[in-house]
Amino acid sequence: MSINKKVGLFIPCYVDQFYPNVAISTLELLQKLGCNVSYPMNQTCCGQPMANAGYERDTVATTQHFLDTFESFDYIVCPSGSCVHHVRDHAPCIEGKETFQKDIQHKVYELTEFITDILKITDIKGTYPHRVGFHSSCHGQRGLRLASSSELNQPVFNKAKQLLAKFEGLEWVELSRKDECCGFGGTFAVTEEALSVQMGKDRLQDHISKDAEIIIGGDMSCIMHLSGIASRNKQAIKFKHIAEVLNEAII
Amino acid sequence: MNSREQILSDIRILKIDNSELPAIPQFEYEADIIESFKTSITTNKGEIISEEALMDLLESGEFVNVYSASESYSKHSNFGLPEDPHELKNLDLAIIEGDFGVGENGAIWLDDSKLGHRVLPFITEHLVIVVDKTTLVPNMHEAYKRIGQAHSGFGVFIAGPSKTADIEQSLVIGAHGAKSLRVLLV
Amino acid sequence: MNHPVQAAKFLEDKSNAKWHDETLWFVRDKRDLSSKSIPEWEKLRELASGIKDNVLSNLDSYLVEFEKNATKNGIKIHWAKDAEEHNQIVLSILEEKDCKAIVKSKSILTEECHLNLYLEENGVEVVDTDLGERIVQFLNQPPSHIVLPAIHLKKEHISEIFHEKLQTEKGNNDPYYLTQAARKHLREKFLAAKVAITGVNFGVAETGEFVVCTNEGNADMGVHLADTHIACMGIEKLIPKREHLGVFLRLLARSATGQSITNYNSHFRSPSEGKEIHIILLDNGRTKQLGREKFRNSLKCIRCGACMNTCPIYRRSGGYSYGSVVPGPIGSILSPGIDLKKHSTLPFASTLCGSCSDVCPVKINIHEQLYEWRQEITKAQSSINAKSIAMKIANGIFSTPFAYKISGQIMRGSLKILPESVTYSNLNTWGKERDLPELPKQSFKDWYKNKGNE
Ligand code: SF4
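Residues numbered from 1 in each chain as written. Chains lettered and ligands numbered in written order. Predicted model: local features only at pLDDT ≥ 70, side-chain atom pairs only at ≥ 80, totals over all residues. Heavy atoms only, no water.

(A) Spotlight on a negative patch on the surface. Residues and elements named next belong to chain B. A grouping of E51, E52, D56 and E59 is seen on the molecular surface, where their side chains present a negatively charged patch. With respect to the helices and strands, the residue E51 is situated in helix α3 (residues 51-59). A residue is classified by how much of its surface remains accessible, and E51, at 35% relative accessible area, is partly exposed. (Patch = residues over 30% accessible without salt bridge, like charges linked within 9 Å, V, L, I, M, F, W, Y side chains within 5 Å. Areas by Shrake-Rupley, 256 points an atom, 1.4 Å probe, with all protein chains shown as cover. Salt bridge = Lys/Arg side-chain N within 4 Å of Asp/Glu carboxyl O. Lys, Arg positive; Asp, Glu negative; His and termini not counted. Charge placed at Lys NZ, Arg CZ, Asp CG, Glu CD. Helix = DSSP H or I, 4+ residues; strand = E, 2+ residues; numbered from the N terminus. Buried < 20%, exposed > 50% of the residue type's maximum accessible area, 1.4 Å probe, protein only.)

Below, the structure is given as structure tokens:
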């Protein structure tokens, strides 16, 4: 990728509000990797929470705003597979602007796929002496195909884990259920509270029983849910977004 | 409009664009067909049996009522094919010749021409199927090629004994049909 | 029916819920192993999906072809536009044969039509002969899973029912012992029945034959001993040619239980001498679903049950939590088409994780259809309900940066000043069993601005 290309940083609303460090890490990481990144201040939410709740039709204005905000960028990069999946595949069609919308949709990338597929960086060097569990968020994994899915008969891959493959000292734990959903699911977390919590507990248990110290993930929404349960139950396991881990590794 | 016309017209009115019927390609296979057939039968909880073992079994007196639809074992057959299939309820062992077998899953094709009564391989307490090694095909695609357009009123792929796991997923052999399947490869 | 309420109830019995989850996961595991032993697995799924697309786009002509060939083979074809007509046809055949007791092998379609109830009300004894179905029938329950009807029951419970109904030893919970008792009991029924009913796994247009797959052999025991065989078949069960059976039979059992094939796969083409075969072709909402473009391909389903076994929700909430004949992911996209209001919570009983779509042997985009049903359901619900208004306000907020900023500040601000008792009160569903993240001093937006960017 040419250094002159402009990268627009797309930060999901809840990351902006609750996890600024993940956004900062994403920005710094991209800069360290040589990108010309800026963050359009006008951005809001992509509309996913509403669309998944069944109100896609009410997100036309939100979608329109998203397109206007990011129109001038060559690439739009976001540290959340779920939000990218929404913008690319679910945002309502803006009538009369179909081609314009398609063009922008094709420029939106999740952070790890941007690094592996556009920047063509296969791995990053670093040191991380920890036992780590990886949480594959479903919308990124099966929606964007950021990783192979255990249901399919296909070669195993995982774009995020691949970036950490050369990290010294990093030891992955092998989960019993490689890619089962954690139960966050947006409004599901509240409308189906009992199930959501049970799924989260089960997911955590899989990591904890394999002695993982840290869970790394690519979507803070799942992590917010999992860490919320861990914290309530005084489970000592820690959580990191992949952007934070990568950014800390590169000096 | 009767229901037939109603249903057909409800479909026609939709004018759905034709979606092409895909062609089934030729799939490669590597495994030794005889070996994979044997493994499949065992996995399905059937048993591969040798000619001697079968003879021993037949002579052991373990099976009181034996019916052989296969010429080769007719001398062990002591149970005539009844007119009424219900009378097969006392049959202890049936010996049938299979048409051919399938390597990938152990399925054996039987049709009306081999059965006498359709219920025979199901109602018998125990079942022996004789399969000629040279008839084995690798997979189900080849199996249907082999059946081709042959017309039989009834045909069945049998791949193992009757089984169920409906109680807590514990496997039990011998639900309603034959309690055992022995396959003799000749 | 309200899925969240039922799911919460199911989860109350923690050890049972855990058992249910793990047992079905084990089935999914076996399916994984089995599917991965076939190098062309994904190609087979594509083929199956493509064949079914072709069927659905020419359903009328395949139905006519099937009818023509089956009739030529001596089978009697009936058409039923709905459940009521279907049941009446069955009853009229039984009356004609003067038959007061039938045996029936597994058929989700007859569950859909509530055939048992109808026949019983008309004085016919119905005996379900699949072991799992017989067990739930003893309990007057519907199946809780389409392939494993009694998966919600423990052996102790089954032993109790059998003790009561079949006089088995009290407290003998051995599955082998219990199965043998059922075998003996059902043998009598098989030998006595004059009419046997089965479902249909596949109907072949080219030959007019149909295929029924079982492991127990109960379908065959029933139909070959009876004088009359009634096969109940949804109009979507057709496939064009015999050779296509090769594709579907390779997928079906592997997806369902991980077996390479079911032990009995019976092909019925014409009745044996002196006997009769009837096929009832049922619509009951299928042509309607065919007309809904977004949901059309839900009709490709071959009822393997894999989407249930893989679904993290189904495994933890049980079949009954769905309150629909077909539970689980596929049920949640079929049922709203039958009764939108009754099943309005089902499309929301999902995280849209997509595992169902990846596991499905005919590649139904189940989770995308769940998303689409959500859109339909909110449209159908009164547009002035509270949630809808909240969404409109949200859209207003997110489309104007200023309003978003203010509301974010209020949100973070109020979380800071409110006492924990309020934040984590029962009103706050999130906080019942989860802590909220620690609040940062400033949002990323503020940080970015403070760094001198504007
Ligand atoms: S939707 Fe697919 S996975 Fe689910 S039962 Fe039907 S065929 Fe099987």
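Next comes the rest of the description.
(B) Broad picture of the interface of chain C and chain B. Tallying the contact residues gives 92 residues for chain C and 67 residues for chain B. A per-residue breakdown of the area chain C buries against chain B is headed by R183(C), N263(C) and Y264(C), which together make up 11% of the total. Inspection of the chain C/chain B interface yields five salt bridges. Of the charged contacts, one joins R250(C) and E104(B) as a salt bridge, the two residues approaching to 2.9 Å between their closest N and O atoms. On inspection of chain C and its partner chain B, the count reaches 39 residue pairs in polar contact (both at pLDDT 80 or more). At 10 residues, the largest contribution of residues to the side of chain C that touches chain B is made by helix α10 (residues 175-192) of chain C. Taken together, the residues of the side of chain C that touches chain B break down into 40 nonpolar, 27 polar and 25 charged. Bridge analysis of strand β7 (residues 154-158) of chain B against strand β9 (residues 264-268) of chain C gives five bridges, and the strand direction is antiparallel. Within the sheet, the bridge partner assigned to V156(B) lies in β9(C) and is S266(C). (Contact = heavy atoms within 4.5 Å. Buried area = accessible area lost by both parts, 1.4 Å probe. Polar contact = N/O pair within 3.5 Å; in protein donor to acceptor, adjacent residues only side chain to side chain. Nonpolar A, V, L, I, M, F, W, Y, C, P; charged D, E, K, R; others polar. Pairing = 2+ DSSP bridges.)

(C) How the structure looks around the UniProt feature "domain: Cysteine-rich" (unreviewed entry) in chain A. Under the UniProt annotation, "domain: Cysteine-rich" (unreviewed entry) lies at residues 7-87 and 132-226 of chain A. Taken end to end, residues 7-87 of chain A is 56% helix and 12% strand, and its two terminal C-alpha atoms sit 16 Å from one another. (UniProt positions renumbered as here; feature names shortened; annotations may be inferred.)

(D) Spotlight on the pattern of salt bridges. Under the counting rule described, the total for this entry stands at 53 salt bridges over all chains. The closest approach of N and O atoms between E180(A) and R315(C), which form a salt bridge, is 2.5 Å. Taken together, the positions of E180(A) in the loop between β8 (171-172) and α10 (188-191) and R315(C) in helix α15 (residues 312-317) put the pair across two chains. As far as the burial class goes, E180(A) and R315(C) line up, both buried.

(E) A look at the arrangement of the chains. The highest contact count of any of the two pairs of chains in contact belongs to chains B and C. As for chain B relative to chain A, no contact occurs, and the smallest C-alpha gap between them is 16 Å.

(F) Highlighting the pairing of strand β1 (residues 76-80) of chain C. All names here are of chain C. Most of β1 is tucked away, with four of its five residues classed as buried. Here five bridges tie β1 to strand β10 (residues 276-282), and the two strands are oriented parallel to one another. Within β10, the residue paired with W79 across the bridge is L281.

(G) Examining the interface of chain C and chain A more closely. Each side of the interface is counted separately: chain C has 75 residues, and chain A has 69 residues. Across the chain C/chain A interface, buried area totals approximately 6500 Å², and carbon plus sulfur atoms make up 58% of it. Considering only the surface of chain C that becomes buried against chain A, Y371(C), R434(C) and F444(C) emerge as the three largest contributors, covering 11% of it. The interface formed by chain C and chain A holds 41 residue pairs in polar contact (both at pLDDT 80 or more) in total. In terms of residue count, the dominant contributor to the side of chain C that touches chain A is helix α2 (residues 14-36) of chain C (eight residues). Counted by class, the side of chain C that touches chain A contains 31 nonpolar, 20 polar and 24 charged residues.

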